[in-house]
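A structural walkthrough
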Protein chains: 2
Amino acid sequence: MKLFRTLISWEEALKTVLPHAERTELEEIRFEDALTRVLAEDILSPIDSPPFDRAAMDGYAIRGEDSFGASPQNPVLLKRKKSGGGEENRAELAEGDCVPIATGMPLPQGSNAVVMLEYTRERGDTVEIFKPVTPGKNVSFQGEDVKKGEAILKAGKILRAHDLGMLASLFTRTIRVYKRAKLGIIATGDELIDPALQSAEHDQWQRKQKIADSNSYTLAALTQKIANPYRIGIVRDNYDEIKDALRSSLERGCEGLLVSGGSSVGTRDFLGDAVEDLGELIFHGVAIRPGEPTGFGIINTKPIFVLPGYPVATIAAFELLVRPFLYAMHGVTEEQRKIFARASKKIPSAVGRTDFVRVKVLRTEQGYFAEPIRVSGSGILSSMTKSDGFVVIPENKEGVAEGELVAVTEYYSW
Amino acid sequence: MKLFRTLISWEEALKTVLPHAERTELEEIRFEDALTRVLAEDILSPIDSPPFDRAAMDGYAIRGEDSFGASPQNPVLLKRKKSGGGEENRAELAEGDCVPIATGMPLPQGSNAVVMLEYTRERGDTVEIFKPVTPGKNVSFQGEDVKKGEAILKAGKILRAHDLGMLASLFTRTIRVYKRAKLGIIATGDELIDPALQSAEHDQWQRKQKIADSNSYTLAALTQKIANPYRIGIVRDNYDEIKDALRSSLERGCEGLLVSGGSSVGTRDFLGDAVEDLGELIFHGVAIRPGEPTGFGIINTKPIFVLPGYPVATIAAFELLVRPFLYAMHGVTEEQRKIFARASKKIPSAVGRTDFVRVKVLRTEQGYFAEPIRVSGSGILSSMTKSDGFVVIPENKEGVAEGELVAVTEYYSW
C-alpha cells in the first residue's frame, strides 16, 4: 500500500488533471435538439439577415420625405396603392404613394420608411398621415441583424433557447457539437446502502447503522448537465471488488470514472491501491477543504477521479477539479459566472490550503451578502441544500474578514 | 374585428394573467428523477442525520481526555483494541484504549473523539498519539446535520443535484412534484417556413423572400426547462386555419397555448379575432418594448398567450409575462436571480412604457457593467444570442444614465 502523506495544492492538482482531459468526439445533431449542448464549430451566417429590407411595424410603407410636416392638425394625404399580397410585396411606390404593410413584409420598391398604423387614417383611396417619419424609420434593413459570413455563434458556446432561435432563423438544420462522454459513477463503502432500493421503513437500516449512498446520486445529477452519467452503484470496500468494478466499468465503455468513498488516506485505501495496480495513481491528497482525500489516476488513458466519501467533500472536489475537467473534455469555453458579495461574517481559513466555503447569498437593499453556512463538518449535507453557491478562499489567504468582498459561484437549478 | 388601441401597463398585464395560472396537478416521482423538478411538498426529515455519532476522519477513536499533553516528542501510548468490523463498531472503549476507525463509521461506546491517522503510529498492540484532541474532535454528532421533523426542503423549490443527494441521504424514495404542463406552441404567418424541413440550399426560400419560423423553436426551448412544450408549428395567417389550430390544440390536451405572430394591432389580426370568438381576448396590447402587440385570452379556462411575431419581441413577452405565469402554474416560489451592474452607456426609454433591454455583462476589475446591445429593432435576433441577460426599465423611469446601477437578469445555459 502506498501512502500519500504530502498534499499538493489545488492549482497543481488542476494543472495535473487538465492535460488528461481528452476532447470528446464531434457529432452532428439537429438544431432543435441542441439545447444545452456545446457547439463544436463556428456558425457563419450563410445569408444576410434580414434577407431584405422589411417592415418593423404594421402600417404603411412610404417615402419618409413625403411625410415631413405631418401633424394631427395637418395630416399629409398619400395615395393608397394595393399591397402586393401575402407572399410578395412587389408594389412599386412613387412620390406621394403609400402601401399597407405588415410587420416582417418586404418593403415595396421606392419606399424607405414605415409609418405606424396608429398615426394614420384611411379615407377612401387616400390615407391621412399624422406624424412624420424619417427615411429608415420602422425598417429592418437587409443584413442589419447578421451579415453573410459573420460568425454568429462561436465554438465552445453552451447553446441556449435564443441560440436555437438564431440557428432556426438561419436555416441551419444540423450543427456539430461535442459528444457527451459516458462517465461511470461508483460509490465504495461497506457502510453504504442504496436508498432507491430500500423499503419505506427506516428502522431496518437505522438499526444496522447503515448510511445511504447519496454521493452516487449527487455526482450523477451534477454530471448530467454536461455528460452522460452511468451510475454503477455501490461497491464494497474490498480490494478485489473495487478492482473488478473499475475494470468492468471501463470495459463497458465508460470514458472516465468518478469514484467516491474509501479514498481517505487510511488503513483501507483499497481504491487507491486498485487504481495504482490497474494504471497509475498520479496524486492522492489535495490541500483543499473539504475534499482533502481527493485523488486522480489514469487507467488505459481514462481519467479516474478518486473522490472523498463525505457528501460535501465530494461536491467540493467535483466543483474544484471534476467540473473544470468535464468542461475541458466537452470543449466548453465559457467560464462559470460569479457575483460579488460581502462576507456577512468572518470566514476562517488556514494559509496553505484552499477552502471551499458554502454560502447563502442574501440580496438586500444594502447590497449582496455571502453568509457562510457552516465552516466545519464536511458531512453536513444540509449545508449544501441550504447554500446558494460557494466561495473559494485561495491557499495564500488567511480567511476572509467580515464585510470583505468575495466572489460567489452560484448554483443554478435551471 | 376588434381594435385594441389602448395599451395596458406591464404591471396590469401581469396582474391580469397571474390569477388565470391554475396550479398543475401533483405527481409522485422517484427522487433520482427529480432534477430540475419543482417540489410540491415540504420534506421533513424522518430521522436524525447522522443517525449516530460517527467519525469524520480516518484514525483512532479515543477518549479525548486520554490524549491531553501528547506531542511528537512525547507521544501518549494507548492500547489498541480490535474494531467491531465493517458493519458494526460495537467495541467498548475504556480509559487508555483506542480503536481504529474509518470515516463514517459509528463511534465506539466510550469514545468521544477521533485522532487522525497522520498523528499516530502503531507499535504492536499499542498506538502512539502525537497530538492531543479535545472531546468531540473529528466527530459528526447524531442530528448535527438534520434533526428529525425538520423541513429540510420546502415546497416550491426547484431541485438541484445537492437536493437529490439530501433526499437520498434521508432514504426519501419518492417525492411529490408539480406536473409539467403540456403547452402548445404555434407560429402564425404567411411568410413563415419551417427551417427544420428545408433543404440545405437557401436560394429557394431567399428568392421567395420567406422567413424561417424561429419563434416556435425559441419558445419551445424556453418552455422546456419548466413545462412540456408541444410544438404544433406554422399556421397560415387565415382566420379559419388559426381558429382550427387553436381548437384542435386544446382538444389534443394542451393546457395552454403560446401563439406567436399575426398579433400586431393591424389590419389582419385573425389571431385576436379567433381567440375572441372561441373564448375571450382579455387584453391585446401591452406598454412594453419590444413586445407591444402582446395579448392574452382564455378559451375553455385555458390560457392563450398571443405573442409578437418579431423574435426579440416574443422573447421579451415570454420573459415579462409567460415566464412568471409558468412559474405560478408550476408552483415555483424561487425568484429569478439578478445581479447589479453599471450601465456602460445611456439607455434611452420613454415614460409610460416598460423597456426590455438586452445587455451584455462585462465583468471587469472595475466592477460589472451592463452594455445595452441595441436599443432599437425588435427583429434583431443576434442581439439575443450576443446578450447575457436583460434589464427591465420601469414605465415611470425615463431611461438609464451612463454609470447608473441596473438589475440584470442573466440567462443561464445549464
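Residues numbered from 1 in each chain as written. Chains lettered and ligands numbered in written order. Predicted model: local features only at pLDDT ≥ 70, side-chain atom pairs only at ≥ 80, totals over all residues.

Let us look at the overall build of chain A. Across its full length, chain A holds 8 helices and 26 strands. Over its C-alpha atoms chain A spans a radius of gyration of 31 Å, topping by over 25% the 22 Å that the globule rule assigns to 414 residues. Dimensions of chain A along its principal axes, counting C-alpha atoms only, are 95 × 50 × 45 Å. Contacts in chain A between residues far apart in sequence, at least 24 positions, make up 73% of those at least 6 positions apart. (Helix = DSSP H or I, 4+ residues; strand = E, 2+ residues; numbered from the N terminus. Rg over C-alpha atoms; globule rule 2.2 N^0.38 Å. Contact = placed C-beta atoms within 7 Å.)

Residues and elements named next belong to chain B. Pairing within the open sheet is mixed, and its 6 strands lie in the order β16-β13-β17-β21-β20-β18. At either margin of the open sheet sits one strand with a lone partner, and together these are β16 (228-235) and β18 (280-284). Strand-to-strand twist of the sheet, defined as the mean angle between neighbouring strand axes without regard to direction, takes the value 20°. Sheet topology note: the strand β17 (residues 256-260)/strand β21 (residues 302-307) ladder contains 4 bridges and is parallel. (Pairing = 2+ DSSP bridges. Axes fitted to C-alpha atoms, helices over the stretch in contact; angles between N-to-C directions.)

Residue and element names in this part refer to chain A. For helix α7 (residues 311-329), the principal kink sits at Phe-318 and spans about 45°. With 16 of 19 residues buried, α7 lies mostly within the body of the structure. Among the residues trailing α7, Gly-331 stands out with phi positive, at a value near 70°. (Bend = angle between axes of the 7 residues up to and from the residue. Buried ≥ 20, exposed ≤ 12 C-beta atoms within 10 Å, placed from the backbone.)

What follows is about the sheet that holds strand β4 (residues 59-62) of chain A. All names here are of chain A. The strand order across the open sheet built from 6 strands is β7-β4-β6-β5-β9-β8, with neighbouring strands paired in mixed fashion. Only two strands of the sheet have a single partner each, and these edge strands are β7 (113-116) and β8 (120-123). Neighbour to neighbour, the strand axes of the sheet diverge by 40° on average, direction disregarded. The pairing of β8 with strand β9 (residues 126-129) spans 4 bridges and is classified as antiparallel. Of the residues in β9, the one forming a bridge with Arg-121 is Glu-128.

This part is about unusual backbone geometry. Looking along the chain, the bond that leaves Arg-289 of chain A and enters Pro-290 of chain A is cis, with omega of -5°. In this structure, Pro-290 of chain A sits in the loop between β19 (288-289) and β20 (295-299). Residue Asn-138 of chain B is not a glycine yet carries a positive backbone phi of 60°. Tracing the backbone through its elements, the reader meets Asn-138 of chain B in the loop between β9 (126-129) and β10 (139-140). Looking at Asn-138 of chain B, the number of C-beta atoms within 10 Å reads 21, which means it is buried. One non-glycine residue, Asn-300 of chain B, lies in the positive phi region at around 50°. Tracing the sequence through the fold places Asn-300 of chain B in the loop between β20 (295-299) and β21. Taking the C-beta count within 10 Å as the criterion, Asn-300 of chain B has 10 such neighbours and is therefore assigned exposed.

Here the focus is the packing of helix α5 (residues 239-251) of chain A against helix α6 (residues 270-278) of chain A. Residues and elements named next belong to chain A. At a minimum axis distance of 9 Å, the contact between α5 and α6 shows a crossing angle of 50°. As summarised for this structure, α5 and α6 are arranged oblique, according to the angle between their axes. For the pair α5 and α6, the crossing hand works out as right-handed. Facing α5, whose interface residues are Tyr-239, Ile-242, Lys-243, Leu-246 and Arg-247, α6 presents Phe-270, Leu-271, Asp-273, Ala-274, Val-275, Asp-277 and Leu-278. (Parallel < 35°, antiparallel > 145°, perpendicular 65-115°, else oblique. Left-handed = near helix turned anticlockwise from the far one by under 90°.)

A few words now on the packing of helix α4 (residues 215-224) of chain B against helix α7 (residues 311-329) of chain B. All names here are of chain B. At a minimum axis distance of 10 Å, the contact between α4 and α7 shows a crossing angle of 25°. One element, α4, and the other, α7, form an angle in the roughly parallel class. Our pair here, α4 against α7, has a crossing hand that is right-handed. In contact with Asn-215, Thr-218, Leu-219 and Leu-222 of α4, α7 contributes Pro-311, Thr-314, Ile-315 and Phe-318.

Attention now goes to the pairing of strand β5 (residues 76-80) of chain B. All names here are of chain B. Two strands pair when backbone bridges link them, and β5 and β9 are joined in this way by 4 bridges, in the antiparallel orientation. By the bridge assignment, Val-76 is partnered in β9 with Ile-129. Where β5 lies against strand β6 (residues 97-101), 2 bridges are found, and the strand directions are parallel. The partner of Lys-79 across the bridge, within β6, is Asp-97.

Before going further, it helps to examine the domain arrangement of chain A. Splitting chain A by domain gives domain 1 (10-24 + 180-329), domain 2 (28-49 + 144-178), domain 3 (54-140) and domain 4 (338-410). Here domain 2 of chain A and domain 3 of chain A have C-alpha centroids that lie 35 Å from each other. (Domains from an automatic or database assignment.)

A word on the environment of Phe-31 of chain A. Residues and elements named next belong to chain A. By the element assignment, Phe-31 lies in the loop between β1 (26-30) and β2 (43-44). Once the C-alpha coordinates of Phe-31 and Phe-171 are considered, the two residues, 140 residues apart in sequence, prove to be 9.3 Å apart. Beyond its immediate sequence surroundings of up to four residues, Phe-31 is in contact with Leu-164, Leu-167, Ala-168, Thr-172, Arg-173, Thr-174 and Ile-175.

With that settled, consider helix α2 (residues 161-169) of chain B. All names here are of chain B. Within α2, 9 of the 9 residues are buried, which leaves it mostly tucked inside the rest of the structure. Among the residues of α2, those classed as buried are Ala-161, His-162, Asp-163, Leu-164, Gly-165, Met-166, Leu-167, Ala-168 and Ser-169. Directly beyond the C-terminal end of α2, a positive phi value near 60° is found at Phe-171.

Proteins that are soluble and globular tend to have nonpolar side chains buried together. Within the largest apolar cluster, 196 residues are counted, with the highest numbers of intra-cluster contacts made by Phe-305 of chain A together with Phe-305 of chain B. Those residues in contact with Phe-305 of chain A, other than ones at most four positions away along the chain, are Leu-257, Leu-258, Val-259, Phe-296, Leu-321 and Val-322 of chain A. (Core = buried A, V, L, I, M, F, W, Y, C linked by C-beta atoms within 7 Å.)

Let us now look at the environment of Gln-224 of chain A. Among the secondary structure elements, Gln-224 of chain A is positioned in helix α4 (residues 215-224). Between the C-alpha atoms of Gln-224 of chain A and Thr-134 of chain A, which are 90 residues apart in sequence, the distance is 53 Å. Look past the residues within four positions of Gln-224 of chain A in its chain and what remains in contact with it is Pro-229 of chain A together with Leu-35 of chain B.

A word on the confidence of the model for chain A. Parts of the prediction with low pLDDT should not have their coordinates interpreted in detail. Confidence along chain A averages 89 in pLDDT terms, with 90% of residues attaining 70 or more. The complex prediction reports pTM at 0.84, with the ipTM value standing at 0.83. (pLDDT = per-residue confidence, 0-100.)

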